[in-house]
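Structure at a glance
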Amino acid sequence: MTFTHHGKLIHAAAFTVLAALASVGWTKHKAKLIVLLAFSGVAIEVVQGAQLLGRGSDVFDWIADCAGMACGITIANWTKRHRVKNPPKRPGEYPGREVGCQKAMEPGFQAIVDSMLEAGWARGEIMRSLRRLISADNMTQKENAKVEAKLAIARAMARAGRPF
């Protein structure tokens, strides 16, 4: 039996995603979800151990699956607790919409700042970092818009039968 970190990380990541998504969609059946995912991990190892795939079973893969499952459920629980409780009053623009957004965002923002202060970061460092994160997000959105525009042009040219 060999222990490779790369394979274990893949197992943990896959089960993190599975558990997080399943937890969000299957909120009232947490115990069933845990059992189902744990047995799924076992089934994967049994199939691998049958030598049909040229791979062997590994109990550490199943442990990585369970660790990923715990992370996924934790992430899902955290997102449920931190959901925005005051959505917009209605779709589209209206007077006071941005103020409403700020009010809805303020508790989460304050929680981030408080946790960073508690961890030992200075307020100035926190605010500069938040500004940099906002700037990076703006640049990402601009780059994504450029890529989407290029894709739209390429699709239109392909539909028109023109090489791009």
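Now for a look at the structure at hand. (Residues numbered from 1 in each chain as written. Predicted model: local features only at pLDDT ≥ 70, side-chain atom pairs only at ≥ 80, totals over all residues. Heavy atoms only, no water.)

Structural notes on the nonpolar core
Grouped together as the largest cluster of nonpolar side chains are 7 residues: Phe15, Ala19, Leu33, Leu37, Ala38, Met69 and Ile73. If you list the elements that add at least two residues to this core, you get helix H1 (5–25), helix H2 (30–49) and helix H3 (59–81). Examining the composition of this core, we find that 3 residues originate from one element, H2, more than from any other. (Core = buried A, V, L, I, M, F, W, Y, C linked by side-chain atoms within 4.5 Å. Buried < 20%, exposed > 50% of the residue type's maximum accessible area, 1.4 Å probe, protein only. Helix = DSSP H or I, 4+ residues; strand = E, 2+ residues; numbered from the N terminus.)

As for the pattern of salt bridges
Counted under the stated rule, the structure contains 3 salt bridges. Residues Asp58 and Lys8 are paired through a salt bridge, measuring 2.8 Å at the closest nitrogen-oxygen approach. You can see Asp58 sitting in the loop between H2 and H3 and its partner Lys8 sitting in helix H1, a full 50 residues away along the chain. By relative accessible area, which is 7% here, Asp58 ends up buried. In the salt-bridge network here, residues are joined through shared partners; they are Lys8, Asp58 and Asp61. (Salt bridge = Lys/Arg side-chain N within 4 Å of Asp/Glu carboxyl O.)

Details of the state of the cysteines
What makes a disulfide is a covalent bond joining the sulfur atoms belonging to two cysteines. Under the definition given, this model contains 0 disulfides. Looking at the unpaired Cys66, the closest cysteine sulfur is the one in Cys71, lying at 11 Å. (Disulfide = S-S within 2.5 Å.)

A word on the packing of H2 against H3
Axis separation between H2 and H3 bottoms out at 10 Å; the angle between their running directions is 150 degrees. Our classification of the angle between H2 and H3 gives roughly antiparallel. In this structure, H2 meets H3 at a crossing whose hand is right-handed. Seen from H2, the contacting residues are Lys30, Ile34, Leu37, Ala38, Gly41, Val42, Glu45 and Gln48; seen from H3, they are Asp61, Trp62, Asp65, Met69, Ile73, Asn77 and Lys80. Here the residues of the contact of H2 with H3 sort into 7 nonpolar, 3 polar and 5 charged. (Axes fitted to C-alpha atoms, helices over the stretch in contact; angles between N-to-C directions. Parallel < 35°, antiparallel > 145°, perpendicular 65-115°, else oblique. Left-handed = near helix turned anticlockwise from the far one by under 90°. Contact = heavy atoms within 4.5 Å. Nonpolar A, V, L, I, M, F, W, Y, C, P; charged D, E, K, R; others polar.)

Quick word on H3
Given a rise of 1.5 Å per residue, 23 residues ought to cover 33 Å, and the 33 Å separating the end C-alpha atoms of H3 matches this to within 8%. All buried positions along H3 are accounted for by Asp61, Ala64, Asp65, Gly68, Met69, Gly72, Ile73 and Ala76. Near the N-terminus of H3, the side chain that reaches the backbone nitrogen of Phe60, with its oxygen 2.9 Å away, is that of Asp58. (Expected span 1.5 Å × (residues − 1). Polar contact = N/O pair within 3.5 Å; in protein donor to acceptor, adjacent residues only side chain to side chain.)

Regarding the packing of helix H4 (residues 97–119) against helix H5 (residues 123–159)
Contact geometry of H4 with H5 gives a least axis separation of 10 Å together with a crossing angle of 130 degrees. With respect to H5, the axis of H4 lies oblique. Crossing geometry of H4 relative to H5 is assigned as right-handed. Contacts from Phe109, Val113, Met116 and Leu117 in H4 reach Arg123, Ile126, Met127 and Leu130 in H5. Broken down by class, the residue content of the contact of H4 with H5 amounts to 7 nonpolar, no polar and 1 charged.

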